Amino acid sequence: MAQQTLRRPSAPAVRRPAALDWADRMHAAFAGAADRAGGVVIHDFTIGRHPVQLRFAGPALVPRLAPALSHLAARVPATPALTISIWDADSTATSVPPGPWNEEGADPGQTHLCAGERLRAVFYPEPPLLSFLDEPAGQAFFWTRSADSIPFYESGSPLRPIFNWWMSTHGRQFAHAAAVGTAAGGALLVGRGGAGKSTTALACLDAGMLYAGDDHCLISTDNGPFVHSLYSSGKLNPDSLARFPGLRAAVANADRLATEKALLFLAAVAGDRVVEGLPVRAIVLPEVCGGLGTEVAPVSPAAALLALAPSTLLPLPKSHAAGLKALAVLTRQVPCYRLRLGADLAEAPRAISDLLTRS
Amino acid sequence: MTPPSERFTVHPKIVSETIDGEVIILNLDRGRYYSLTLAGTDAWSAITRAANAEEIVDALMARYEGSRTQIEQAVGHLLGELSREELIVAFAPGSAEAAAPPANGSVPAAGSTAVRRPFETPVLRAYTDMEDLLLLDPIHEVDESGWPNRLSEDRQPLP
């Protein structure tokens, strides 16, 4: 087989392990990290109705990665279908085993590797974030340099590549969407960044509606369209915080708002209105118009797919045709609407509630 | 028109879905996405069956009212656009790309041919707003023994 190195020509030649070798070395490295950090800290979750266990080598990364998943904590831990072993270099004195990259020699962009459908990895060089999945084994690894190197957006929606890869082979399709609802069911809010998804979703939560996510969630369509919550977090531009005084207590990074979006962990303030999932009754395409009134108009499934699929699939490593097909199935199953947001944000929850009652 | 021996197929890096008479096309490598409607949707459907230009024209003639010359010109223009955007690739029968069975004779058009609609030149709508979010490195396909070495070009999956 012809071989082509992934490293830049200036990088020193290093003998690299083969894929399965590397999986073994990741196991060994995590075990060593846990020993040095005082043991394994275990958190069990139910995500997309699958039992998932996060195993942290010591406590350092727990407050950085676990809060966004807190609403999905398993009431009764079950044998995990997916186990994610997590460590950082600083608190465990354990780096990542030499792989196809290292911090010094990494290409400036992300590097993705796929060994068929079995082994997948992605490395983001700065800050260094390594995600690795051995799919048939149900084993994944996440490594970074230190707790402080976890960016706020990773805390808000942690472990995305691993969840995307694994869930896609277990009946759950990642979706770039917010999800809110009432007792009548849920609405998926879709569109590219800046379309108004987060603000609309938080306005709905603030108005007393149910909330299943503001940016990423999981979809299943086999037993009717259903949105499974993934993260209980929300993100807002700091200048939009004033619109939601009731949510200020949920802000996790109040000391860094000069440089970061406000990151809110909403389960802490909204309790059981942050739900594990909702049956999808409508797809809504918000659009910030700033006019006098908020208007709702039907749109085609194709328009909804155009709003949902590119922003879901293009940023994700190793997106498949199957992902596009799954999102298309969803858009065919429920009515789709455009929501033209007026100046009065309070009208949006009312409009969505009305839609859900009618759908 | 392109030579009859030249057939077209969807580029292996492309995923597409037809919904409600509209095709949504994603170029996963370039971070661009596209849509086609009406005759464009029918042309895309023919391309997914490894049609040549003449067969695509036949498929559109069966569904739309228009002169053959007008439709031939529109198809030629569309094939050029799709090729430039790297959404389709041309191949000759017998080449590796011909793994999918080529269309024999006329390509069946989607839907009923009972009522022909007035022909409108297909427009490829291109959206580039996601390009900034494009993964900066391509995905490197490897086999388990070869990681971290990239799968060689001659083992890339065929369309």
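This structure is a prediction, so every number in the text was calculated from the model and none was measured.

J.: Is there a simple way to think about the overall build of chain B in this case?
T.: A tally of helices and strands in chain B yields three helices and nine strands. Across chain B, helices and strands are ordered from the amino to the carboxyl terminus as β-β-β-β-α-α-β-α-β-β-β-β. Counting across all 159 residues of chain B, residues that qualify as buried make up 43%. Residue pairs at least 24 apart in sequence account for 67% of intrachain contacts in chain B once pairs closer than 6 positions are excluded. By element, 49% of the accessible surface of chain B is carried by carbon and sulfur atoms, the whole surface being about 7,600 Å².

J.: I keep staring at the overall build of chain A and nothing clicks. Help me out?
T.: Counting its regular elements, chain A contains 10 helices and 17 strands. Burial analysis of chain A (359 residues in total) assigns 60% to the buried set. For chain A, contacts bridging at least 24 residues in sequence account for 69% of all contacts bridging at least 6. On chain A, roughly 13,600 Å² of surface is accessible, and the fraction owed to carbon and sulfur atoms is 52%.

J.: Just to check I follow, could you spell out the packing of helix H8 (residues 301–313) of chain A against helix H9 (residues 321–333) of chain A for this structure?
T.: Geometry of a packed helix pair, given as the angle between the helix axes and the separation of the axes. Residues and elements named next belong to chain A. The geometry of H8 relative to H9 is characterised by a closest axis approach of 9 Å and an angle of 145 degrees between their N-to-C directions. Crossing angle aside, the handedness with which H8 passes H9 is right-handed. Seen from H8, the contacting residues are Pro 301, Ala 304, Leu 305, Leu 308, Ala 309, Thr 312 and Leu 313; seen from H9, they are Gly 323, Leu 324, Leu 327, Ala 328, Leu 330 and Thr 331. Split by residue class, the contact of H8 with H9 holds 10 nonpolar, three polar and no charged.

J.: Mind showing me how you'd approach the pattern of salt bridges here?
T.: For side chains bearing opposite charge, pairing can occur when the charged atoms are close. One pass over the full model with this rule turns up 18 salt bridges over all chains. Taking the shortest distance from any N to any O, the salt bridge between Arg 75 of chain A and Glu 276 of chain A comes out at 3.1 Å. Of the two residues, Arg 75 of chain A is situated in the loop between helix H2 (62–65) and strand E3 (82–88) and Glu 276 of chain A in the loop between helix H7 (267–270) and strand E15 (277–291); the sequence distance between them amounts to 201 residues. Across the pair Arg 68 of chain B and Asp 58 of chain B runs a salt bridge, and its minimum N-O distance is 2.9 Å. Of this pair, Arg 68 of chain B sits in helix H3 (residues 68–84) while Asp 58 of chain B sits in helix H2 (residues 53–63), placing them 10 residues apart in sequence.

J.: Explain helix H1 (residues 39–47) of chain B to me, please; I cannot follow it from the model alone.
T.: Turn by turn, an α-helix covers 3.6 residues, leaving residues three or four places apart pointing in a common direction. The buried fraction of H1 of chain B is high, at nine of nine residues. Of all the residues in H1 of chain B, the buried ones are Ala 39, Gly 40, Thr 41, Asp 42, Ala 43, Trp 44, Ser 45, Ala 46 and Ile 47 of chain B.

J.: In this structure, what is going on with the sheet that holds strand E8 (residues 125–127) of chain B? I would like to understand it.
T.: Pairing between the strands of a sheet comes from backbone hydrogen bonds, and it takes one of two forms, parallel or antiparallel. Here we have four strands laid out as an open sheet, ordered E2-E3-E4-E8 (chain B), and antiparallel in their pairing. The open sheet is flanked by strand E2 (14–19) and E8 of chain B, the only strands paired with a single partner. Averaged over all pairs of adjacent strands, the angle between strand axes in this sheet comes to 20 degrees, irrespective of strand direction. When E2 of chain B meets strand E3 (residues 22–27) of chain B, the two strands line up antiparallel, connected through six bridges. Within E3 of chain B, the residue paired with Ile 14 of chain B across the bridge is Asn 27 of chain B. H8 of chain A rests against E2, E3, strand E4 (32–37) and E8 of chain B of the sheet, and its axis sits at about 10 degrees to E3 of chain B. In this fold H1 of chain B packs onto E2, E3 and E4 of chain B, with an angle of close to 110 degrees to the strand it touches most, E4 of chain B.

J.: Looking at this structure, I do not really get the pairing of strand E14 (residues 262–265) of chain A. What am I missing?
T.: Side-chain direction in a regular strand flips from residue to residue, so the side chains alternate between the two faces of the sheet. Residues and elements named next belong to chain A. The two faces of E14 match: Ala 262 and Leu 264 on one face and Leu 263 and Phe 265 on the other face are all buried. Bridge count between strand E13 (residues 233–236) and E14: four bridges; the pairing is antiparallel. Note that in E14 the partner of Gly 234 across the bridge is Leu 264.

J.: Explanation requested: H3 of chain B in the structure shown.
T.: Residue and element names in this part refer to chain B. For H3, spanning 17 residues, the distance from its first C-alpha to its last is 24 Å, which sits close to the expected 24 Å at 1.5 Å a residue. If you check which residues of H3 are buried, you get Ile 71, Ala 74, Val 75, Leu 78, Leu 79 and Leu 82. Down the axis of H3, the sector holding all buried residues measures 135 degrees, keeping them to one side. In H3, the exposed positions that point more than 90 degrees away from the buried face belong to Gln 73 and Arg 84. Buried residues along H3 sit in contact with strand E1 (7–10), E4, H1, H2 and strand E6 (88–91). Just downstream of H3 lies Glu 86, where phi reads positive at about 60 degrees.

J.: Which parts of the structure should I look at to understand the packing of H1 of chain B against H2 of chain B?
T.: All names here are of chain B. At their nearest, the axes of H1 and H2 sit 9 Å apart, and the two run at 140 degrees to each other. With respect to each other, H1 and H2 are oriented oblique. Crossing angle aside, the handedness with which H1 passes H2 is right-handed. Between H1, through Ala 39, Asp 42, Ala 43, Ala 46 and Ile 47, and H2, the contact on the second element is made entirely by Ile 56, Leu 60 and Arg 63.

J.: Even after reading the chapter, I still don't get the nonpolar core, so can you show me in this structure?
T.: Here is a general trend for soluble globular proteins: nonpolar side chains tend to be buried in one another's company. Residues Leu 188, Val 190, Val 227, Ile 283 and Leu 305 of chain A together with Leu 26 of chain B are the most contacted members of the largest nonpolar core, which totals 37 residues. Every element with two or more residues in this core is listed here: strand E8 (173–182), strand E9 (185–190), strand E11 (216–220), E15, H8 and H9 of chain A together with E2 and E3 of chain B. Counting residues per element, this core draws most heavily on H8 of chain A, which supplies eight residues. Excluding residues within four positions of it along the chain, Ile 283 of chain A makes contact with Leu 188, Val 190, Ala 304, Leu 330, Thr 331, Val 334, Pro 335, Cys 336 and Tyr 337 of chain A.

J.: Where do I start with unusual backbone geometry in this structure?
T.: Where the residue is not glycine, phi is negative for most of them; where a peptide bond is considered, it is trans in most cases. Of note in the backbone geometry, Leu 159 of chain A takes a positive phi value of approximately 65 degrees without being a glycine. Note on placement: Leu 159 of chain A falls in the loop between helix H4 (152–156) and helix H5 (160–168). The phi dihedral of Ala 50 of chain B is positive, around 60 degrees, even though this residue is not glycine. Positionally, Ala 50 of chain B belongs in the loop between H1 and H2.

J.: Looking at this model, I keep getting lost on the packing of aromatic side chains. Mind explaining?
T.: Centre distance and the angle of the planes are the two values used to describe a pair of aromatic rings. Within the structure shown, the criterion is met by five aromatic pairs over all chains. Here the basic side chain of Arg 49 of chain A rests over the ring of Phe 226 of chain A, its NZ or CZ set 4.4 Å away from the ring centre.

J.: Looking at this model, I keep getting lost on the environment of Ala 31 of chain A. Mind explaining?
T.: All names here are of chain A. Within the secondary structure layout, Ala 31 lies in helix H1 (residues 19–37). Since its relative accessible area comes to 40%, Ala 31 is described here as partly exposed. With 185 residues separating them in the primary sequence, Ala 31 and His 216 have C-alpha atoms 31 Å apart.

Definitions and cut-offs
Residues numbered from 1 in each chain as written. Chains lettered and ligands numbered in written order. Predicted model: local features only at pLDDT ≥ 70, side-chain atom pairs only at ≥ 80, totals over all residues. Heavy atoms only, no water. Helix = DSSP H or I, 4+ residues; strand = E, 2+ residues; numbered from the N terminus. Buried < 20%, exposed > 50% of the residue type's maximum accessible area, 1.4 Å probe, protein only. Contact = heavy atoms within 4.5 Å. Areas by Shrake-Rupley, 256 points an atom, 1.4 Å probe, with all protein chains shown as cover. Axes fitted to C-alpha atoms, helices over the stretch in contact; angles between N-to-C directions. Left-handed = near helix turned anticlockwise from the far one by under 90°. Nonpolar A, V, L, I, M, F, W, Y, C, P; charged D, E, K, R; others polar. Salt bridge = Lys/Arg side-chain N within 4 Å of Asp/Glu carboxyl O. Pairing = 2+ DSSP bridges. Expected span 1.5 Å × (residues − 1). Arc of directions from axis to C-beta. Parallel < 35°, antiparallel > 145°, perpendicular 65-115°, else oblique. Core = buried A, V, L, I, M, F, W, Y, C linked by side-chain atoms within 4.5 Å. Phe/Tyr/Trp six-rings, centres within 6.5 Å; stacked < 30°, edge-to-face > 60°. Lys NZ or Arg CZ within 6 Å of the ring centre and 35° of its normal.

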